[in-house]
Amino acid sequence: MEIWHPFTQHGLEEPIVKIETSYDEFLITPDGKKIIDGISSWWVNTIGHRNPYISKAIQKQAEKLHQIIFAGFTHEPALDVAKNLSEFLPKNYTHIFFSDSGSTSVEVALKMAVGYHHNNGSIERSKVVAMEHSYHGDTFGGMSSGARSVFNEPYKKMLFEVERIPYPAPGRENETIDTYRKLLQKEGNKIGAIILEPLVLGSGGMFFYEPFVLEELYKISKEYGVIFCLDEVMTGFGRTGTMFAFNQTNIIPDIICLSKGLTGGSIPLAATVCTKEIYDAFLSKDKAKMFFHSSSYTANPIACAAANANLEIWKKNNILADVKRINDFYKTQIGRIQKLGGKNVRTLGDIFAFEVQTNGNDYVSNIGVKLYEYYRKNGVLLRPLGNTVYIMPPYCIKEESLKKIFDVIEDSLKECL
Ligand SMILES: *Cc1c(COP(=O)(O)O)cnc(C)c1O
């Protein structure tokens, strides 16, 4: 049996790189070659690969308890995650629901939001609003909420209908806000939830937008009783320069989805956190009102131990100072990339992005593949989204490695375009 890799067209015979070990910002091949992980291994790794403190916590937990049923049972690592995470969140978040991936944390959020209305007697309110270019995972709820594209074309007819608001491009924020207001004026009684990637549309192409847009959309949501969900799966744990992206706003979303950085990038775990209002809609003596959702490995103790170690690291160290250090470095590179022909050069927290000029500009255009190959051959892992080149490294990355990434990007723009 051979392995079928994700987001891989094996027909193109793209090479599959074997990795034996890793540390900090480096992936090491069996023959000892170092690759700089410029995208945090698909955005999961925050504080560096194989963090020793997290490794030790995993080891220690593995000696005690691997996995138990989480319905009717609990364990210390899960209780600790609830406690540790709440230290980083406003007091309004009274409950945490565990799952295993970003996608499932989104499914949970949508089911919570729609179930909230259902249990409160508004069974009509099952429609979801999402943003153009958004990405919320590859399960059906995630795909439905995400942008329709070549990614989900074969499944188009199976996806549930979602109301779209436009991406609030700089200078065009009012269009988004007005569209949302008009939508709720027209059929607010059918809309149950809005789900958004805060401040950055990641997979859609690293599109940034302003915090005030979230504040306005939140205000309108509250007027119409729409549950406001933020998908912080990518933005959580420092990516945008604050612990969570919503920390750059004055809002307290009803539901937040977390996953990628929750264990520092070591083991899969996800959490959907919600306010008391959401939880209370399911609290009853009536079994039919309970939250009907679970996955077998919910709140796996080893994953929870990894999350706790990660959260302790966040408590004891000024991780955001590292994000700022990286961002300060990015700012010195903006002019350089512009001179090389980079378009729309932008940076937010740990993210640096720009477009290269091509004729077409979608994910399947060849320039991304060509650049990816170039970077890989030169010891850097960067995986352009179509013609969008972006960097999103682990926060422990050394200046030397950042410099190397930008040098390789410079060479790529001279040689591949
Ligand atoms: C990656 C991502 C997801 C999906 O997470 P998985 O762990 O891959 O299922 C959902 N939402 C956003 C914003 C993401 O970046």
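Above this text is the structure in question.
To start, this report covers the structure provided alongside it. None of these values were measured; they are calculated from a predicted model.

### Overview of the site of the ligand
Piece 1. The local shell around the ligand consists of Trp43, Ser101, Gly102, Ser103, Tyr135, His136, Gly137, Glu197, Asp231, Val233, Met234 and Lys260.
Piece 2. Separating an oxygen atom of the ligand from a backbone N or O atom of Gly102 is a distance of 2.8 Å.
Piece 3. Lys260 has a polar side-chain atom sitting 2.7 Å from an oxygen atom of the ligand.
Piece 4. Protein contacts shield 82% of the accessible area of the ligand, which totals 380 Å² for the unbound molecule.
Piece 5. Residues belonging to the shell around the ligand are distributed by class as follows: 4 nonpolar, 5 polar and 3 charged.

### Notes on the side chain of Glu232
Piece 1. Residue placement: Glu232 occurs in the loop between β10 (227-231) and β11 (255-258).
Piece 2. This buried residue, Glu232, is left without a salt bridge; Arg239 holds the nearest opposite charge, at 10 Å.
Piece 3. Among the polar contacts listed, one links the side chain of Glu232 to the side chain of Thr235, at a separation of 2.8 Å.

### Quick notes on the sheet that holds strand β13 (residues 343-348)
Piece 1. Taken in spatial order, the 3 strands line up as β13-β14-β16 in an open sheet, and their pairing is antiparallel. Among the strands making up the open sheet, the edge pair consists of β13 and β16 (388-391). Sheet twist, expressed as the mean angle between neighbouring strand axes with direction ignored, is 10 degrees.
Piece 2. Summarising the sheet, strand β14 (residues 351-355) and β16 pair through 4 bridges and their orientation is antiparallel. By the bridge assignment, Ala353 is partnered in β16 with Tyr390.
Piece 3. Contacting β13, β14 and β16, helix α10 (residues 319-339) crosses the sheet at an angle of about 175 degrees to β13.

### Quick look at the packing of aromatic side chains
Piece 1. In the structure shown here, the tally under the stated rule is 20 aromatic pairs.
Piece 2. Here a set of aromatic residues connected by ring pairs shows up, and it is made of Tyr93, Phe237, Phe244, Phe246, Trp314 and Tyr395.
Piece 3. Sitting above the plane of the Phe208 ring, Arg346 keeps its charged end 5.8 Å from the centroid.
Piece 4. When the ring centre of Tyr372 is taken as reference, the NZ or CZ atom of Arg383 above it lies at 5.7 Å.

### Focus on the packing of helix α3 (residues 76-86) against helix α9 (residues 301-316)
Piece 1. Closest axis-to-axis distance for the α3/α9 pair is 8 Å, and the angle between their directions is 30 degrees. The angle between α3 and α9 places the two elements in the roughly parallel class. The handedness of the crossing between α3 and α9 comes out as left-handed. Residues Pro77, Ala78, Asp80, Val81, Asn84 and Leu85 of α3 form the contact with α9, whose own contacting residues are Pro301, Cys304, Ala305, Ala307, Asn308, Leu311, Glu312 and Lys315.
Piece 2. When the residues that make up the contact of α3 with α9 are grouped by side-chain class, the tally is 9 nonpolar, 2 polar and 3 charged.

The rules we used
- Residues numbered from 1 in each chain as written.
- Predicted model: local features only at pLDDT ≥ 70, side-chain atom pairs only at ≥ 80, totals over all residues.
- Heavy atoms only, no water.
- Near = heavy atom within 4 Å.
- Polar contact = N/O pair within 3.5 Å; in protein donor to acceptor, adjacent residues only side chain to side chain.
- Areas by Shrake-Rupley, 256 points an atom, 1.4 Å probe, with all protein chains shown as cover.
- Nonpolar A, V, L, I, M, F, W, Y, C, P; charged D, E, K, R; others polar.
- Helix = DSSP H or I, 4+ residues; strand = E, 2+ residues; numbered from the N terminus.
- Buried < 20%, exposed > 50% of the residue type's maximum accessible area, 1.4 Å probe, protein only.
- Lys, Arg positive; Asp, Glu negative; His and termini not counted.
- Salt bridge = Lys/Arg side-chain N within 4 Å of Asp/Glu carboxyl O.
- Pairing = 2+ DSSP bridges.
- Axes fitted to C-alpha atoms, helices over the stretch in contact; angles between N-to-C directions.
- Contact = heavy atoms within 4.5 Å.
- Phe/Tyr/Trp six-rings, centres within 6.5 Å; stacked < 30°, edge-to-face > 60°.
- Lys NZ or Arg CZ within 6 Å of the ring centre and 35° of its normal.
- Parallel < 35°, antiparallel > 145°, perpendicular 65-115°, else oblique.
- Left-handed = near helix turned anticlockwise from the far one by under 90°.

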